[in-house]
Amino acid sequence: MSQSMMDTPSPHPDLNRNRLPTLFEVLSRQTLAPVDLFSFYIYMRDQQRSVDYLDFWLDVSQHMSLCRHYVRELRRSVLIETPDMEKTGSKRSSYILDHLGEMNDPSGPSTNLNGDEKMRDQQLSAYLRTETGNGTNHSPHDSLGSQQSRLRGSGDRPSNGTDSQRPPRPSFMTNNSPFRTNSDSPAHTVAREDIRASAEKILYTFLLPGSEREIILPQGILTDITTSIEEEGRDDPEVFDAAKDYTFQAMERDAFPGFLRAKALGNLVPPSSFLRLCLGLLGMFGGFWAGFACILLDKPKHIRCFLIIPFTIGVYALSSQQYSIDPVLALAGLSEYTFMNWARIKEPYIRKLMNKRAIMVLLVTVLIGVCLIVLFIFVPGHRL
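Counting starts from 1 at the beginning of each chain's written sequence and moves along it residue by residue. Totals for whole chains, interfaces and linings use every residue, but because this is a predicted model, local features are given only for residues with pLDDT of at least 70 and side-chain atom pairs only at 80 or more, for both listing and counting. Computation of side-chain values covers all heavy atoms of the structure but excludes hydrogens and water.

Observations concerning the packing of aromatic side chains
Part 1: Side-chain rings of Phe, Tyr and Trp (the six-membered ring for Trp) are treated as a pair once their centres are within 6.5 Å; stacked means planes under 30 degrees apart, edge-to-face means over 60, and tilted covers the remaining angles. This model, assessed by the stated rule, comprises 11 aromatic pairs.
Part 2: Consider the rings of Trp57 and Phe248, whose centres lie 6.3 Å apart with planes at 40°: the pair is tilted. Of the two residues, Trp57 sits in helix H3 (residues 51-81) while Phe248 sits in helix H10 (residues 241-264), which places them 191 residues apart along the sequence.
Part 3: Whether a residue is buried, partly exposed or exposed follows from its accessible area with a 1.4 Å probe, protein chains only, as a fraction of its type maximum: under 20%, in between, or over 50%, in that order. Its relative accessible area of 2% is what places Phe248 among the buried residues. A run of H or I in DSSP counts as a helix once it spans at least four residues, and a run of E counts as a strand once it spans at least two, with each numbered from the N terminus.

Spelled out as structure tokens, the structure:
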């Protein structure tokens with residue numbers, strides 16, 4: 001998982017939650033497997049086929065974290081960089097920095113923020129806009145952002161995935177942070193140009209028509225973002241608020257219910273379910289074929305007892321496919337995240353829910369299996 005929170009500690013999971021998690025809790029990394037952010041990313045990539053929306057949301061959250069990290073660095077350095085505030089006129093800047101509040105809150109949709117969190121985000125964006133308008137720069141000129149600005153020179157946009165000068169977009173699954181300042185800079189220092197580069201990267205990667213990983217947003221939102229970044233020169237987090245809220249609501253409406261059904265009520269991915277369907281049909285075919293053969297050949301009951309094997313395999317596999325849960329593996333505390341790759345079920349409420357569902361599926365399997373086995377073992381034979 002990438003360092004998208006810029007070394008900001010993630011919220012601790014709530015182990016006492018006695019309900020299904022919300023999308024915000026998953027995105028804020030307040031949940032455990034199999035309903036954690038890693039599992040949701042895999043689901044969006046492999047099953048929903050819309051991982052670009054999640055990547056956009058994560059990149060915008062990362063942009064917010066980058067801005068917060070930048071402001072925290074300014075808080076530490078403003079007195080050192082401007083020792084004589086009366087002469088340099090930096091008293092107002094220092095006052096704003098001191099009153100921005102705590103910058104460690106998890107970034108979420110604006111609809112989920114309380115009054116204080118909204119106020120802090122608005123103050124952060126207002127400060128960055130003011131800094132941009134005044135031409136203030138507290139950052140080294142050889143940072144990643146300034147290098148990209150020089151590469152773009154005349155303001156040309158990067159081509160769709162073909163610009164060799166643009167650093168490759170980091171994968172969510174890697175451990176490398178995409179924002180690296182010059183090697184001579186102090187560790188974890190964020191340059192002002194890095195914030196600009198982050199905003200432009202989001203625009204060029206997800207939003208512009210024909211971009212590398214274009215997502216579908218209302219035209220009004222796209223126009224506002226493009227105008228704010230390219231014409232007004234803005235790069236504060238507030239630029240992306242409308243798009244972030246729209247993306248969150250789309251994932252919450254279209255993808256998250258299916259994710260909960262797949263991970264909270266089942267422990268199989270579609271390829272495994274299909275494999276069990278094939279195995280179940282094959283087992284049932286073998287059971288019925290052998291059963292009718294035993295009846296028509298008037299085989300004794302101790303021979304017919306071997307029908308337990310194909311019928312048990314067939315009923316178990318078909319029940320697992322029907323309910324998308326392998327009851328034995330669920331009771332063992334395992335959930336599949338990719339084909340034949342298993343992870344421990346760590347979310348307490350999901351573990352209890354999965355155990356109840358696994359027992360129910362086992363009872364259904366035993367009931368149907370016993371009925372079929374009794375029918376074909378005790379029915380009178382008639383040799384043709």
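From this point, the discussion proceeds with the structure in view.
A closer look at the UniProt feature "transmembrane region" (unreviewed entry) in the protein
Part 1: UniProt positions are given in the numbering used here, feature names are shortened, and annotations may be inferred rather than shown by experiment. The positions UniProt marks with the feature "transmembrane region" (unreviewed entry) are residues 274-296, 303-319 and 357-379.
Part 2: In the segment residues 274-296, helix accounts for 100% and strand for 0%; the C-alpha atoms at its two ends are 33 Å apart.
Part 3: Taken as a whole, residues 303-319 contains 82% helix and 0% strand, while its terminal C-alpha atoms sit 26 Å from one another.

Some details on unusual backbone geometry
Part 1: Residue Ala33 is joined to Pro34 through a cis peptide bond whose omega torsion reads 5°.
Part 2: Phi is positive for Arg29, close to 60°, though the residue is something other than glycine.
Part 3: For Arg29, the location among the structural elements is in the loop between helix H1 (23-27) and helix H2 (37-48).
Part 4: With relative accessibility at 18%, the residue Arg29 sits in the buried group.
Part 5: The phi torsion at Met340 lies on the positive side, around 65°, for a residue other than glycine.
Part 6: Tracing the backbone through its elements, the reader meets Met340 in the loop between strand S1 (334-338) and strand S2 (341-344).

Some points on the nonpolar core
Part 1: Counting residues in each nonpolar core, the largest one holds 29 residues, and the members touching the most others are Leu27, Phe40, Leu54 and Met251.
Part 2: Every element with two or more residues in this core is listed here: H1, H2, H3, H10 and helix H15 (348-378).
Part 3: Take this core: its biggest share by element is eight residues, from H10.
Part 4: Here, residues are in contact when the closest pair of their heavy atoms is within 4.5 Å. With near-sequence residues (within four places) excluded, Leu54 lies in contact with Leu27, Phe40, Tyr41, Met44 and Met251.
Part 5: Residue types Ala, Val, Leu, Ile, Met, Phe, Trp, Tyr and Cys, when buried and joined through side-chain atoms within 4.5 Å, form a set referred to as a nonpolar core. Membership of the second largest hydrophobic core comes to 18 residues, among which are Phe56, Tyr204, Ile229 and Val239.

Section: the packing of helix H11 (residues 270-296) against helix H13 (residues 308-323)
Part 1: Taken N-terminus to C-terminus, the directions of H11 and H13 make an angle of 150°; their axes are 7 Å apart at the nearest point. As far as their axial angle goes, H13 and H11 are roughly antiparallel. Viewed along their axes, H11 and H13 form a crossing whose handedness is left-handed. In contact with Ser273, Arg276, Leu277, Leu279, Gly280, Leu281, Gly283, Met284, Gly286, Gly287 and Phe288 of H11, H13 contributes Pro310, Phe311, Ile313, Gly314, Val315, Ala317, Leu318, Ser320 and Gln321.
Part 2: When the residues that make up the contact of H11 with H13 are grouped by side-chain class, the tally is 11 nonpolar, eight polar and one charged. Axis geometry follows a simple rule: fit a line to the C-alpha atoms, using only the stretch in contact for helices, then measure angles between N-to-C directions, giving values from 0 to 180 degrees. Every angle not falling under 35 degrees, over 145, or within 65 to 115 is termed oblique; those three ranges are roughly parallel, roughly antiparallel and roughly perpendicular. Crossing handedness is defined as follows: a turn of the near helix away from the far one that is anticlockwise and smaller than a right angle gives a left-handed crossing, while the clockwise case is right-handed. Gly is placed with the polar residues, together with every amino acid not listed as nonpolar (Ala, Val, Leu, Ile, Met, Phe, Trp, Tyr, Cys and Pro) or charged (Asp, Glu, Lys and Arg).

Let's talk about the pattern of salt bridges
For side chains bearing opposite charge, pairing can occur when the charged atoms are close.
Part 1: Think of a salt bridge as a Lys or Arg side-chain nitrogen and an Asp or Glu carboxyl oxygen that are within 4 Å of each other. Applying the stated criterion across every chain, the model contains 12 salt bridges.
Part 2: Where Arg213 meets Asp55, a salt bridge forms, and the shortest distance between an N and an O atom there is 2.5 Å. Of the two residues, Arg213 sits in the loop between helix H8 (192-207) and helix H9 (219-231) while Asp55 sits in helix H3, which places them 158 residues apart along the sequence. Both residues of the pair, Arg213 and Asp55, belong to the buried class.
Part 3: We note a salt bridge from Asp236 to Arg234, for which the minimum N-O separation is 2.9 Å. Comparing Asp236 with Arg234, the two get one shared label, buried.
Part 4: A single network of salt bridges, built from pairs that share partners, joins Arg17, Arg19, Glu25 and Glu347.

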